[in-house]
Every structure is written in C-alpha cells, then in structure tokens.
Amino acid sequence: MSQQYYVPESSKLPFAMAISLLMFIIGASNTVIDAGAGVESNSYLILLLSFAMIWTTMYFWFKQTIVENHAGLNNPMLKDSYVYGMAWFIFSEVMFFFAFFFALAYIRNFAIPWLGGEGEKGLANMLWPGFEASWPLMITPDQAVFAGPEKDMSLATAYSSGGLGGVLGWLPLWNTVFLLTSSLTVHIAHLGLKQGNRKKFNLWLGMTLVLGYLFVFVQGLEYYEAYAHYGLTLNTGIYGTTFFMLTGFHGFHVCLGAIILTIMLFRSLKGHFTADDHFGFEAGSWYWHFVDVVWVCLVAFVYVM
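What you are looking at is a predicted structure, and each value in this text was computed from that prediction instead of being measured.

(A) Fine view of the overall build of the protein chain. Each helix and strand in the protein chain was counted, giving nine helices and zero strands. When the helices and strands of the protein chain are read in sequence order from the N terminus, they spell out α-α-α-α-α-α-α-α-α. Counting only C-alpha atoms and orienting by the principal axes, one finds that the protein chain spans roughly 75 × 45 × 40 Å. Within the protein chain, buried positions represent 37% of all 305 residues. Taking all contacts inside the protein chain whose residues are at least 6 apart in sequence as the whole, residues at least 24 apart take part in 69%. Averaging the coordinates of the 12 positive side-chain charges in the protein chain and doing the same for the 18 negative ones gives two points 16 Å apart.

(B) Here's a closer look at a nonpolar patch on the surface. On the surface, Tyr84, Trp88, Phe91, Val94, Met95, Phe98, Phe102, Tyr106 and Phe110 cluster together to form a nonpolar patch covering roughly 1000 Å² of accessible area. For Trp88, the position within the fold is in helix H3 (residues 76-115).

(C) Highlighting the side chain of Asn69. With respect to the helices, strands and loops of the structure, Asn69 is situated in helix H2 (residues 43-70). When sequence neighbours within four positions are dropped, the list of residues in contact with Asn69 reads Asn74, Lys79 and Asp277.

(D) Main features of unusual backbone geometry. A cis amide bond links Trp135 to the next residue, Pro136, at an omega of 0°. Positionally, Pro136 belongs in the loop between helix H4 (124-127) and helix H5 (155-168). One non-glycine residue, Phe273, adopts positive backbone phi at about 80°.

(E) Representation of the nonpolar core within the structure. Residues Met153, Leu205, Leu232, Phe243, Phe281, Trp288 and Tyr303 are the most contacted members of the largest nonpolar core, which totals 43 residues. Per-element accounting of this core gives the leading share, 13 residues, to helix H9 (residues 279-304). Those residues in contact with Phe243 that sit more than four places away from it in its chain are Met153, Glu222, Tyr223, Leu232, Gly248, Val302 and Tyr303.

(F) The packing of aromatic side chains, seen in detail. Following the criterion strictly, the structure yields 29 aromatic pairs and no others. Residues Trp135 and Tyr239 carry aromatic rings whose centres are separated by 5.6 Å and whose planes lie at 80° to one another, so their mutual orientation is edge-to-face. Here the residue Trp135 occupies a position in the loop between H4 and H5, and Tyr239 occupies one in helix H8 (residues 237-269), the gap between them amounting to 104 residues. For Trp135, a relative accessible area of 21% corresponds to the partly exposed category. Feature note: the residues Trp135, Trp170, Phe215, Tyr223, Tyr227, Tyr239, Phe243, Phe244, Trp295 and Tyr303 constitute an aromatic cluster, connected by ring pairs. The side chain of Lys151 reaches across the aromatic face of Tyr230, ending 4.6 Å from its centre.

Calculation rules
Residues numbered from 1 in each chain as written. Predicted model: local features only at pLDDT ≥ 70, side-chain atom pairs only at ≥ 80, totals over all residues. Heavy atoms only, no water. Helix = DSSP H or I, 4+ residues; strand = E, 2+ residues; numbered from the N terminus. Buried < 20%, exposed > 50% of the residue type's maximum accessible area, 1.4 Å probe, protein only. Contact = heavy atoms within 4.5 Å. Lys, Arg positive; Asp, Glu negative; His and termini not counted. Charge placed at Lys NZ, Arg CZ, Asp CG, Glu CD. Patch = residues over 30% accessible without salt bridge, like charges linked within 9 Å, V, L, I, M, F, W, Y side chains within 5 Å. Areas by Shrake-Rupley, 256 points an atom, 1.4 Å probe, with all protein chains shown as cover. Salt bridge = Lys/Arg side-chain N within 4 Å of Asp/Glu carboxyl O. Core = buried A, V, L, I, M, F, W, Y, C linked by side-chain atoms within 4.5 Å. Phe/Tyr/Trp six-rings, centres within 6.5 Å; stacked < 30°, edge-to-face > 60°. Lys NZ or Arg CZ within 6 Å of the ring centre and 35° of its normal.

Here is the structure:
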C-alpha cells in the first residue's frame, strides 16, 4: 500500500544555516591566520557570532522537526529517509577523516623520505644537506624558518620519559578510556530506551555525557601541555600541523556529538521518545560510535605508530 510522503512547508532555516556556516568559515580561518601571525584582531568575534547563529538556527530547526513528529506527520517513509540521510552523513564524515589520514600516510611514507634523499624523487642532498628523514619530524628541513617541537606526544616518548608512570600519566590513555567507556554507556542507554525504562536511559546517557565532556577537558589539558611544555604548536613543521589538524577536527566532532546527546537528554527529561520511536537519539548514538572509532584510529596512527 502506497503512503503519502509528507512534504514540509518551505522554510528559511536552510538558508540561515548556510549563512551561519559561511560566517563560521570566515571567522575560524581569520582567527587561525591572525593567531599564527601573532596579529591582534577581532576575528574571534566573527567566530563567536557564527556559533551563536548556528545554534540559534539549529534550535528552531530541531524544534520544527520535533513538532512535526509529535503531530504524526512523519510517516514510516519519511522516517526511512531520516535513516538514509544520517547514514550518508556519517559516510561523508568517514571520507572527511579518510582524507586526513591519507595525507598523514603520504607525508610519512613518501614526502619525508623523499626530502631525506630516499627513492627516485629524493632531492634533499641538494636542497637541504644533512637532513635526515624521521617520524615524528623533530628537526625540519629548514629549521631556521620552521623549528620543530622539543618533544612529541607519542606513547614511546611517554614511556621513555617515565616508564610505567609516564604511561599512566599519558593523557591520550585516559581519553581512550573515557571515550571507549562512553561507547558502552550510550549502548546501555539505548537498551534501556528500547525496554521502555526511561530512568535507566537518562542515567546511562548522563554518564555518557560526563565521559564525553571529560574527554574534551583532558584534550584541552593536552593542548596546553603541548604548547607550554613540549614546544609543539601549529607552526612546528609538518608534525605539529598534522597532529593538531587530526586531533583538533576529532575534538570538534566529539563536542558536536556531546551537544547532540545533551539535547537528547533534555528531550527525554521532557518525556520525548518511546521504545519504538526514538530515531533522534539513535542517530546521535550512531554519531557517537563513529567518533569513538575515529579516536581508536587516531591513537594507533598518530600517537602509537
């Protein structure tokens, strides 16, 4: 039996979101450029404004979608489109991170060895005599312009500096514990919701959020340690660039996932969701598991190998 597909009324919210994201790109890029150049500017105000615009737009957009669902307008066909839409969105995020991991692999296995004189394209003996290829790259080809970091953030460095104590004080280890445990707690919360146990759902989802925000806090400590004590910044050659690019984008996605799950908790406290109608939360949990998997890959390829 065919179903009538619900077509929502025309909305200005997509246009508002497009403008907000454009403001975000302008604000973020200029803030990073000015900070790297040591220039004092008000670019960060554009960035803050863009955040306010994005969250305001999201609030009204989420509100409209929730109202439509509670009104019974979201039939099974439309709900299937939500599932496909979220699946494609996560796939696009997979490809987003794949590009950065591929760049890291290319740099480590091709570009740096070539700069060190290895292979057919090795020209370092003519361009930078004495340069030795290694990873993490602590001494750059042109050390006078792009000085390398004093220390790296790898597991090997943590162990060599303090043995077992150094490993236990290694911040990425605790972030791994936090994030992998949160993947378990969000799954338990999902089981509670499917069982119709709202108290169990709220409790375990709350624990997930605590672990998620702990991850963000500890990553902030890691960045402070990198800048203040390791001499590792965005300007310390290709190692600093790839490190902050990969971990920074992942941290941003963790923040986004935590905010999504926070909204789901507030919705549950207001009585939203049933055992058979809770795709808003389910989509958020998919996203949370995705950032967990990305973190495992980050630990393996950025911190360990």
